[in-house]
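# Summary of the model geometry
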Amino acid sequence: MTDVPRRRERLSRISAVVQRRVPNVFRMDSIKSQIVVFALLAALIPSIAMAWVSYVQNRGALTDKINEQLHSISTQTAREMEIWLKESLYDVRVFASSFVVTENVERIRQAATRETTDTEALTRLTDYLHSVRERFTDYDELFVVARGASVVASGPGETGPIQLKADWLDDVEAGRIVLGEPYWSESLGRAGMALGIPVTSPDGRFLGALAASVNFSTVQTILRSFVRSEHGDVYLTTNDGRIILSAQESSAGLMAERLDSATRSAMQADTAELVSYPGRAGEQVVGTWAPIPGLPWATVAELQAADAFKPIARLRNVTLAIVFGLVLTIGLIAYRLGLLITRPLDRLTTAAGTVAKGDLSVSLSDAGSGEVGYLTDVFVYMVQRLREGRDELSEAHDELKKTNEELERLSITDSLTGLYNRRYLMRTLEAEVRRAGRTKHAFAVLMTDVDHFKSFNDTYGHQAGDEVLARVAGVLQATVREVDCAARYGGEEFSVMLPETGLQGATEVAERVRVGVAEEPFVFRGKTVRVTLSIGVSEFPTDGETSEALIEAADRALYQAKRKGRNRVVRAARGRGGAKKKEA
């Protein structure tokens, strides 16, 4: 206690030294401080500032340019898609208003009212649809549907039924054009869309409808015409973000993908703004969105961010190289200057080396004023503190040892149940196999699984499931011996290794565990729930001479218990290997 005032006095003296020395640095009394500060101010700070300003300005300009290009591509593509849609609708209207279609549909309808068939009219109509398909390759299928939703004629297409909504004829009869959802034709290996147009007589009577399946071959050609880079792409999407096709690809897998909601919301919020988002291959891309008039679709023009900002990356690299060169040069200069002050520090360095070897008996004389004098005073005070802290260090070492022991315990136990984990079980089991092999003694392994645990989790939630696992672990700990190794094997599965225990004894232990869990009261949401276990038992060396074989034998017995109705103990039977199917 008598050293406390002296220590406080020493600390006050060091604080006074600090207050006396630090202002000298800011007044740049030493040549070293003047050179270093001047070099930093004259070289590094202006260079970094100018490089940063240039980088920001160039990146902004390039971003605006890319935004303008992509926005122009997406807008032009949307305009071309609008034209394509109008042309397709015009074609189908022309087909539907053909005299061959209207005359023969009328004749077929009149024959139907007489309960006869006008074969000639049907043949002429079918031939006409066939000739249209041969001349217009964008149409994979053409159907003429009479009133009453009966197909009277169709072209020889391979797409199957027209993919339109169930009440599309009602819309067509009301004079509306029906557009179907985009689909993928497995038989033709391409995407398409169905259209529905009314067929009317010259006097305006509704006769039926002409439905057409339009493929997207022309659409993909349009999209490809707007791709300006091998690292870019143009997409056709629905308004909810589902991808229809792109300039680079058209497939069923592509049509199953969609833009994530955050990207879609950002694009739709401001269609003129460039948006950055993860691309389909995982790389970062930038893109713009443009809605298509007349369709619930939009076009997306995108470009890989790495390719788009390649000039900026080059500028950044050059800037970093320049800054690094400056830092290296200044570092060399500072090193040369540092050599000039190393001699006065030799004594301090030698003393520091002695202390580093554990010898705290060093002493240094007064080094005078200046930075070295201040450093010497601090070093002397530090050595004094080290001497006083030996006992504290010893105590800290003891605490560290306890901490390491606790970490070791945590590394081999399961945090939820408090049982050993699977890694420790397998390590212990392998050691027991070696020991039992030398002594020719038997031991047993239990594999247990909570019955219907997945259904329990789905019904009561994962917190209730965790409580079940913890309480099952409690029953295991209360039932087995201290020399036994009870572990959580994984999920709802537990395993117990019973040294010096034969198959009969292990079966009795397993039965006590099973009964203990079955009698354990489980109450969730005010309802008492019965939890049961299925347990498989294997014995060394009867059922296996390796840890893996014993686990596998007990596992087979476990799933035999499940197949027999669960809530039971089953012994392993030799010769019952093979695949097993895990039940819930």
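In the block above lies the structure referred to throughout.
Read on for a plain summary of the structure. For clarity, every value in this text was computed on a predicted model and none was experimentally measured.

### So, the overall build of the chain
Tallying secondary structure elements over the chain gives 18 helices and 18 strands in all. For the chain, the residues scored as buried account for 41% of the 584 residues in total. When contacts within the chain are restricted to residue pairs at least 6 apart in sequence, those whose partners lie at least 24 apart make up 61%. For the chain, the accessible area works out to roughly 32100 Å², and carbon and sulfur atoms hold 55% of it.

### Side note on the sheet that holds strand β14 (residues 493–498)
Pairing is mixed in the open sheet, where 5 strands are placed in the order β13-β14-β12-β17-β18. Each edge of the sheet is formed by a strand with only one pairing partner; in this case those strands are β13 (485–490) and β18 (569–571). Strand-to-strand, the axes of this sheet are offset by a mean angle of 20 degrees, without reference to chain direction. Bridge count between strand β12 (residues 443–450) and strand β17 (residues 533–540): 8 bridges; the pairing is antiparallel. Note that in β17 the partner of L446 across the bridge is V537. This element, helix α14 (residues 422–439), spans β12, β13, β14 and β17 of the sheet and lies at about 130 degrees to β13.

### What about the nonpolar core?
Core analysis: the largest hydrophobic core is formed by 57 residues, its most contacted members being W84, F216 and L236. Beyond its immediate sequence surroundings of up to four residues, W84 is in contact with M193, V214, N215, F216, T218, V219 and I222. A444, V468, V475 and V513 belong to the second largest nonpolar core, which has 33 residues in total.

### Quick look at the packing of aromatic side chains
Tallied over the full model, the rule gives 11 aromatic pairs. Ring centres of F456 and F524 lie 5.1 Å apart, and the angle between their planes is 75 degrees; on these two criteria the pair is classed as edge-to-face. Taken together, the positions of F456 in helix α15 (residues 453–460) and F524 in strand β15 (residues 522–524) put the pair 68 residues apart, joining distant regions of the chain. Each member of the pair, F456 as well as F524, carries the same accessibility label: buried.

### Brief notes about a nonpolar patch on the surface
Nonpolar side chains collect at one region of the surface, where W52, V53 and V56 lie side by side and expose about 310 Å² of accessible area between them. Secondary-structure assignment places V53 in helix α2 (residues 31–97).

### Some thoughts on unusual backbone geometry
Look at the link from F540 to P541: it is a cis peptide, with omega at 0 degrees. Residue position: P541 is located in the loop between β17 and α18 (547–563). Located in the positive-phi region is R525, a residue other than glycine, with phi close to 55 degrees. Relative to the assigned elements, R525 resides in the loop between β15 and β16 (527–529). R525 sits in the exposed class, given a relative accessible area of 64%.

### Here we look at the pattern of salt bridges
Using the criterion set out here, one finds 22 salt bridges in the structure. Residue K86 pairs with E82 through a salt bridge whose shortest N-O separation is 3.4 Å. Of the two residues, K86 and E82 both sit in helix α2, 4 residues apart, roughly one turn of that helix. Judged by its relative accessible area of 52%, K86 is exposed. When the shortest N-O distance is used, the salt bridge between R107 and D118 registers 3.0 Å. Placement of the pair is R107 in helix α3 (residues 99–113) and D118 in the loop between α3 and α4 (119–135), with a sequence separation of 11 residues. Three or more residues are tied together by salt bridges with common partners; here these are E106, D203 and R205.

### Describing the pairing of strand β1 (residues 139–146)
Burial within β1 is extensive, with 8 of its 8 residues counted as buried. Here 7 bridges tie β1 to strand β6 (residues 206–215), and the two strands are oriented antiparallel to one another. Bridge assignment links L142 to a residue of β6, and that residue is A212.

### Overview of helix α17 (residues 503–518)
The end-to-end C-alpha distance of α17, which contains 16 residues, comes to 22 Å, matching closely the 22 Å that a straight helix rising 1.5 Å per residue would cover. Within α17 the residues assigned to the buried category are L503, A506, T507, V509, A510, V513, R514, V517 and A518. Along its buried surface, α17 packs onto β12, α16 (462–479), β14, β15, β17 and β18.

### Looking at the packing of α3 against α4
Close contact between α3 and α4 brings their axes to 9 Å; oriented N to C, the two are set at 150 degrees. Here α3 is positioned roughly antiparallel relative to α4, judged by the angle of their axes. Crossing of α3 over α4 shows left-handed handedness. Contacts between α3 and α4 involve V100, V101, E103, N104, V105, R107 and I108 from the former and E120, A121, L122, R124, L125 and Y128 from the latter.

### Here we look at a negative patch on the surface
The grouping of D64, E68, D270 and E273 at the surface amounts to a negative patch. Among the secondary structure elements, D64 is positioned in helix α2.

### Describing the side chain of E432
Tracing the chain through its elements places E432 in helix α14. Residue classification places E432 among the buried residues on the basis of a relative accessible area of 8%. In contact with E432, not counting residues within four places along its chain, are F443, M497, P499 and E500.

### Description of the sheet that holds strand β10 (residues 284–291)
Within the open sheet, the 5 strands sit side by side as β8-β7-β11-β10-β9. Their pairing is antiparallel. Across the chains shown, the open sheet's two edge strands, defined by having one partner strand only, are β8 (243–246) and β9 (275–278). For this sheet, the mean inter-axis angle between neighbouring strands, taken without regard to orientation, is 35 degrees. The sheet contact formed by strand β7 (residues 232–238) and strand β11 (residues 297–304) spans 7 bridges and is antiparallel. Paired with D233 across the two strands is E302, which belongs to β11. Contacts between helix α6 (residues 217–225) and the sheet are confined to β7 and β8, with β8 contributing the most and set at about 65 degrees to the helix.

Cut-offs applied
Residues numbered from 1 in each chain as written. Predicted model: local features only at pLDDT ≥ 70, side-chain atom pairs only at ≥ 80, totals over all residues. Heavy atoms only, no water. Helix = DSSP H or I, 4+ residues; strand = E, 2+ residues; numbered from the N terminus. Buried < 20%, exposed > 50% of the residue type's maximum accessible area, 1.4 Å probe, protein only. Contact = heavy atoms within 4.5 Å. Areas by Shrake-Rupley, 256 points an atom, 1.4 Å probe, with all protein chains shown as cover. Pairing = 2+ DSSP bridges. Axes fitted to C-alpha atoms, helices over the stretch in contact; angles between N-to-C directions. Core = buried A, V, L, I, M, F, W, Y, C linked by side-chain atoms within 4.5 Å. Phe/Tyr/Trp six-rings, centres within 6.5 Å; stacked < 30°, edge-to-face > 60°. Patch = residues over 30% accessible without salt bridge, like charges linked within 9 Å, V, L, I, M, F, W, Y side chains within 5 Å. Salt bridge = Lys/Arg side-chain N within 4 Å of Asp/Glu carboxyl O. Expected span 1.5 Å × (residues − 1). Parallel < 35°, antiparallel > 145°, perpendicular 65-115°, else oblique. Left-handed = near helix turned anticlockwise from the far one by under 90°. Lys, Arg positive; Asp, Glu negative; His and termini not counted. Charge placed at Lys NZ, Arg CZ, Asp CG, Glu CD.

Function cannot be read off these values alone, since they describe shape.
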